[in-house]
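The chain contents come next:
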Amino acid sequence: MTSIYPALIAALRAELPEDALLTSPESLRPYECDGLSAYRRMPGVVCLPHTVSQAQAVLRICHRLRVPVVPRGAGTGLSGGALPLTDGVLLGLARLNQILDIDVRNRCAVVQPGVRNLALSEAARPYGFYYAPDPSSQIACTIGGNVAENSGGVHCLKYGLTVHNVLGVKILTPEGELLEIGGKALDAPGYDLLAVLCGSEGLLGVVVEITVRLLPLPERAQVVLAAFDDVARAGEAVGRILSAGIIPAGMEMMDNLAIRAAEDFVHAGYPVDAAAILLVELDGENREVSEQIFQVRQMLLDLGATEVHTARDEAERLLFWKGRKNAFPAIGRMSPDYYCMDGTIPRRRLPEVLTRIAQLSEEYGLPVANVFHAGDGNLHPLILYDANRPGELARTEALGGRILELCIEVGGTITGEHGVGIEKIEQMCVQFGGPELAQFHALRAAFDPEGLLNPGKAVPTLHRCAEFGRMHVHGGQLPHPALERF
């Protein structure tokens, strides 16, 4: 970008206010990574538009000059989806942070992409509504980023991922054209482009407005906490509850290492000697919840739970969830670094997969704490390591890759909500063959024929997959995609 850098800066300065264009090294440094902080790269330029029209201007300039653009929300993503390019523009959308409408009659809200996930539910609460998807980072992550990664959360078991709660979006094409897809109506003719855009990781367009579904606050919500002295029994309990026809609002599991970390950090009342705990939340009408709580408690005891506690009040319910939602930062207090994985498996394979993760942990000599959305089989193994020790990050990555490939082996997938980004590019080569990857590239080309939006993320080139296959056979390792340009 060196030769066109002066022309790019001059064009951007003509369209953006002074505070919306960052070029100095000290101002660029905070944008060198997202939540996958093991990989960092200084962006060429950072643009922080205040309005949609300013964002359009940035995209038009970059398209004219053939400069790649990396969209970014709050930077809480854990797969490197917002890793910048040294020869590109980072387009930050955090300043587009207005709740434009809360439509009570239609049970929906219209928001800009920089609205924080939790802020939306807080704004809807006085009207008796809330927004269901609730990632653990909901205090900081944005709705736009949630759409890009198709985020979930502890309540996605009953109420679905972001894709199930978004009614419409407005996006900017790489040329800066504004498109409106979906809306407040329940359905629209033509292809379901809305589903294509949810989870597209910034490769197809830049989201600048979202219409989301709001749900009425339940009459009652209550959590049961069950402790087990065997992880396999806890996994069996998950299947037993669901096969009984009970769909909890959330069903989460934590192993002993995660339990001890969370309890030391939050003091949620978790039994620190348990091999695993299961958090089961029931919500709905008061009578329905009372009946289901009784059924769930009995099933848990029948399956060998060593203790079962029902939250006594709303404060204790929130405290139980606080421990779970703070599990990631809690683990950070136990180790200089940790690597948060994300994969999904069939629920029936849960005991087997946890056993094999423990074996892999021993093989690689790295502790693994397991925290996951047990109800939908979304695992979040946390690998503890020290980046200051030579070779330990590479060993951690190798262990993470083995865990993701284990998910594929048992019939699962390499991501449940974090996306692929740069982190899982090579495992995409394991999950999909050449024909599928070719279709992914064809779909992308329909939206972005120049390949200017977030290049090098989410979908690997066929050449890289061929190289990865050769390295796998010979036991070698490719340079990480964070260190090269696709």
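Scroll up for the structure.
The text that follows walks through the structure, step by step, so that each part is easy to find.

Turning our eyes to something else, we now look at the overall build of the chain. Per the secondary structure count, the chain includes 17 helices and 19 strands. Rg of the C-alpha trace for the chain: 23 Å, near the compact-globule value of 23 Å for 486 residues, within the 12% margin. When burial is assessed residue by residue, the chain has 56% of its 486 residues classed as buried. Of the roughly 20100 Å² of accessible surface on the chain, 52% is carried by carbon and sulfur atoms. Of note, the chain has its 42 positive side-chain charges centred 2 Å away from the centre of its 57 negative side-chain charges.

With that settled, the discussion passes to the state of the cysteines. Across all of its chains, the model carries 1 disulfide by this definition. Cys-198 provides the cysteine sulfur closest to Cys-108, a residue in no disulfide bond, and the two sulfurs are 15 Å apart. The thiol sulfur of Cys-407 is not disulfide-bonded, and the nearest other cysteine sulfur, from Cys-340, lies at 12 Å.

The next point concerns the nonpolar core. One finds Val-166, Ile-210, Met-253, Leu-278 and Leu-300 to be the most contacted residues of the largest nonpolar core, which totals 84 residues. In this structure, Ala-261, Val-266, Ala-268 and Ile-331 belong to the second largest nonpolar core, which totals 28 residues.

Before going further, it helps to spend a moment on the packing of aromatic side chains. On inspection of all chains with the given rule, the structure shows 2 aromatic pairs. Here the aromatic rings of Tyr-130 and Tyr-159 are separated by 6.5 Å at their centres, their planes lie at 90 degrees, and the arrangement is edge-to-face. Of this pair, Tyr-130 sits in strand β7 (residues 129-130) while Tyr-159 is found in helix α6 (residues 156-159), placing the two residues 29 residues apart along the sequence. Here Tyr-130 falls in the buried class, since its relative accessible area comes to 13%. Residue Tyr-159 is classed as partly exposed on the basis of its relative accessible area of 21%. Both rings, one in Phe-432 and one in Phe-440, keep their centres 5.1 Å apart while their planes meet at 80 degrees; by these two values the pair is edge-to-face. The partly exposed category is assigned to Phe-440, whose relative accessible area is 31%.

Mapped onto the elements of the fold, Glu-252 is located in strand β13 (residues 250-255). A relative accessible area of 1% means that Glu-252 is categorised as buried. In this structure the side chain of Glu-252 is engaged in a polar contact, spanning 2.8 Å, whose partner is the side chain of Arg-324. A distance of 2.8 Å separates polar atoms of two side chains, one belonging to Glu-252 and the other to His-373. In contact with Glu-252, other than residues within four places in its own chain, are Val-154, Ile-277, Leu-278, Leu-279, Trp-321, Arg-324, Phe-372, His-373 and Ala-374.

In the Ramachandran plot, Arg-107 falls in the positive-phi region, its phi being about 50 degrees despite a non-glycine side chain. In this structure, Arg-107 sits in the loop between β5 (99-103) and β6 (108-111). For Asn-454, which is not glycine, the phi dihedral falls at a positive 50 degrees. Tracing the backbone shows Asn-454 in the loop between α16 (434-447) and α17 (462-474). Note on Asn-454: relative accessible area 1%, which makes it buried.

Bringing the pattern of salt bridges into the picture now. Within this structure, the stated rule accounts for 27 salt bridges. For Glu-252, the salt bridge is made with Arg-324, and the minimal N-O distance between the two is 2.8 Å. One end of the pair, Glu-252, is in strand β13; the other, Arg-324, is in helix α11 (residues 314-325), and 72 residues separate them in sequence. Note that Glu-314 is salt-bridged to Arg-317, the shortest N-O span being 2.8 Å. One end of the pair is Glu-314 and the other is Arg-317, both in helix α11 and 3 residues apart, which spans about a single turn. Accessibility expressed as a relative area gives 11% for Arg-317, which makes it buried.

Here we come to the environment of Pro-216. Here Pro-216 lies in strand β11 (residues 215-216). Taking C-alpha positions, Pro-216 is 29 Å from Val-308, a pair spaced 92 residues apart along the chain. For Pro-216, the contacting residues outside a window of four places in its chain are Arg-107, Gly-128, Phe-129 and Tyr-130.

Cut-offs and rules
- Residues numbered from 1 in each chain as written.
- Predicted model: local features only at pLDDT ≥ 70, side-chain atom pairs only at ≥ 80, totals over all residues.
- Heavy atoms only, no water.
- Helix = DSSP H or I, 4+ residues; strand = E, 2+ residues; numbered from the N terminus.
- Rg over C-alpha atoms; globule rule 2.2 N^0.38 Å.
- Buried < 20%, exposed > 50% of the residue type's maximum accessible area, 1.4 Å probe, protein only.
- Areas by Shrake-Rupley, 256 points an atom, 1.4 Å probe, with all protein chains shown as cover.
- Lys, Arg positive; Asp, Glu negative; His and termini not counted.
- Charge placed at Lys NZ, Arg CZ, Asp CG, Glu CD.
- Disulfide = S-S within 2.5 Å.
- Core = buried A, V, L, I, M, F, W, Y, C linked by side-chain atoms within 4.5 Å.
- Phe/Tyr/Trp six-rings, centres within 6.5 Å; stacked < 30°, edge-to-face > 60°.
- Polar contact = N/O pair within 3.5 Å; in protein donor to acceptor, adjacent residues only side chain to side chain.
- Contact = heavy atoms within 4.5 Å.
- Salt bridge = Lys/Arg side-chain N within 4 Å of Asp/Glu carboxyl O.

Don't take any of this as a statement about function, it's just geometry.
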